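# Observations on chain architecture
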Amino acid sequence: MSLARTALVSNNSFSGAISGQLCIKMHAPVYSTDADLSYFNLVCANKFTVGAAGSQSAIEMCPQTNNADERVEDSICERNWFVNTASATGSITAGSTRMTVRNNVASFVTTANELFCNAERRGTAPAPTPDDVWIYSNSIYTDVNRAQNRPIRFGETNPITNAICYDNVFWAPNNVQAGGNAPESMHVYVNATGTVPSTGTP
């Protein structure tokens, strides 16, 4: 969707994304005036099944790459169910200004990447740094044993501003430290300014 405005994507089942592909991509044309903005988009009550190794996020609401200013604003992703069964990039890439990711459920099984949501800046200048990104009340499960599970990441590659994260549930029953010692906690990766998330433990 290269110029989605007031778009609603709801009550669908998506699957079959192959390596290098994704289920939904929302971005804008190269920005010159506000007529080029993508905004007021809602993705809710869908099921996403990603099973191909190397496939990208199930949803991207952001510029396609770092090479163009394809800015996206005012986006919501809520009440979706993500089932990942391979080493995909993750479930959601949140690169929109004023974006909310809430009340989603994600299950990562077998060899899956445990990344649920990656909120980071994309797009070349003068594309704005994503600001006011809220990620809350999501439930994430993985059966993968990793030294570090980081299902929510803020600005891992490119920092964002005013990131807020709370009331998410992480469960990794098979996650242990090297040598089979005490369980390793899941945590949120932060490279952003604004509210520091509360990481919690499983």
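Residues numbered from 1 in each chain as written. Predicted model: local features only at pLDDT ≥ 70, side-chain atom pairs only at ≥ 80, totals over all residues. Heavy atoms only, no water.

## Some remarks on the nonpolar core
The criterion, for reference: To form a nonpolar core, buried Ala, Val, Leu, Ile, Met, Phe, Trp, Tyr and Cys residues must be joined to one another through side-chain atoms within 4.5 Å. A 1.4 Å probe rolled over the protein chains alone gives each residue an accessible area, and that area as a share of the maximum for its type sets the label: buried under 20%, exposed over 50%, partly exposed in between. Strands here are runs of E lasting at least two residues and helices are runs of H or I lasting at least four, both read from the DSSP assignment and numbered beginning at the N terminus.
Among the nonpolar cores identified, the biggest contains 32 residues, and Phe82, Phe116, Ile152 and Phe154 are the most heavily contacted of them. If one sorts the elements of this core by residue count, strand β16 (residues 160-166) sits on top with three residues.

## Digging into the packing of aromatic side chains
Given two aromatic rings, their pairing is described by the distance between the two centres and the angle made by the two planes. To be explicit about the condition: The rule is short: rings of Phe, Tyr and Trp, with Trp giving its six-membered ring, pair when the centres are within 6.5 Å, and they are stacked under 30 degrees, edge-to-face over 60, tilted in between.
Here the structure, examined in full by the defined rule, presents eight aromatic pairs. With a centroid separation of 5.0 Å and 5° between ring planes, the pair formed by Phe14 and Phe48 is classed as stacked. Here Phe14 is found in strand β2 (residues 13-15), whereas its partner Phe48 is found in strand β5 (residues 47-50), with 34 residues between them in sequence. Given the relative accessible area of 0%, Phe48 is considered buried.

## Some words on the side chain of Ser91
Selection criterion: Only heavy atoms matter for contacts: two residues are in contact if any of them lie within 4.5 Å across the pair.
Residue placement: Ser91 occurs in the loop between β8 (81-84) and β9 (92-94). With residues near it in sequence (within four places) discarded, Ser91 still touches Ser57, Ala58, Ile59, Phe82, Asn84, Phe108, Leu115 and Phe116.

## Regarding the pairing of strand β11 (residues 105-108)
The following threshold applies: Here the rule is simple: two strands pair whenever DSSP picks up at least two bridges between them.
Pairing between β8 and β11: four bridges, direction parallel. Looking at the pairing, Asn84 lines up with Phe108 of β11.

## As for the sheet that holds β8
Backbone-to-backbone hydrogen bonds pair the strands of a sheet. The strands run either parallel or antiparallel. Using the following cut-off: Every axis in this analysis is a line fitted to C-alpha atoms, fitted for helices over the stretch in contact. Angles between the N-to-C directions lie between 0 and 180 degrees.
Judged by pairing direction, the sheet is parallel, and its six strands sit side by side in the order β2-β5-β8-β11-β14-β17 without closing on themselves. Two strands close off the open sheet at either side, each with one partner strand: β2 and β17 (169-171). Looking at each pair of strands side by side, their axes are set apart by 10° on average, direction ignored. As paired elements, strand β14 (residues 139-142) and β17 share three bridges and run parallel to each other. Bridge pairing links Tyr141 to Trp171 in β17.

## Regarding empty space enclosed by the protein
What counts here: Buried and open spaces are told apart on a 1 Å grid over the protein atoms alone, a cavity being a set of points where a 1.4 Å probe fits but cannot get out and a pocket being an open set with protein on both sides within 12 Å along at least five of seven lines. Residues with an atom within 4 Å of a point are the lining residues. Grid points are joined across faces, edges and corners, and a volume is the space filled by probe spheres set on the points. In this count, Pro and Cys sit with the nonpolar residues alongside Ala, Val, Leu, Ile, Met, Phe, Trp and Tyr, while Asp, Glu, Lys and Arg are called charged and the others, Gly among them, polar.
Counted according to the given criterion, the structure contains one cavity of 30 Å³ or more. In this structure, the largest cavity spans a volume of roughly 50 Å³. Each residue belonging to the lining of the largest cavity can be placed in one class, and the counts come to four nonpolar, two polar and two charged.

## A look at the pairing of β5
Looking down a regular strand, the side chains alternate between one sheet face and the other. Because side chains alternate across β5, one face comprises the buried residues Phe48 and Val50, and the other comprises Lys47 and Thr49, none of which is buried. Where β2 meets β5, three bridges bridge the pair, whose relative direction is parallel. Looking at the pairing, Phe14 lines up with Phe48 of β5. Of the strand pairs in this sheet, β5 and β8 are connected by four bridges, and their pairing is parallel. Residue Lys47 lies in a different strand from β8, and its bridge partner there is Trp81.

## Some remarks on the pattern of salt bridges
Definition in use: One speaks of a salt bridge when a side-chain nitrogen belonging to Lys or Arg is within 4 Å of a carboxyl oxygen belonging to Asp or Glu.
Scanning the entire structure with this criterion turns up four salt bridges. The salt bridge partner of Asp69 is Arg71, with a shortest N-O separation of 2.7 Å. Considered together, Asp69 and Arg71 belong to a single accessibility category, that of buried residues. Connected through salt bridges with shared partners, the residues Glu73, Asp74 and Arg98 form a single ionic network.

## Regarding the confidence of the model for the chain
Note the threshold: Each residue carries a pLDDT value, the predictor's own confidence for that position, ranging from 0 to 100.
Counting all residues, the mean pLDDT for the chain is 78, and 77% of those residues have values of 70 or more. Counting contacts from residues 192-202, a segment whose pLDDT is below 50, to residues more than four positions away or on other chains yields 26 contacts.

## Comments concerning unusual backbone geometry
Look at Phe40: it is not a glycine, yet its phi comes out positive at around 55°. Tracing the sequence through the fold places Phe40 in strand β4 (residues 38-44).

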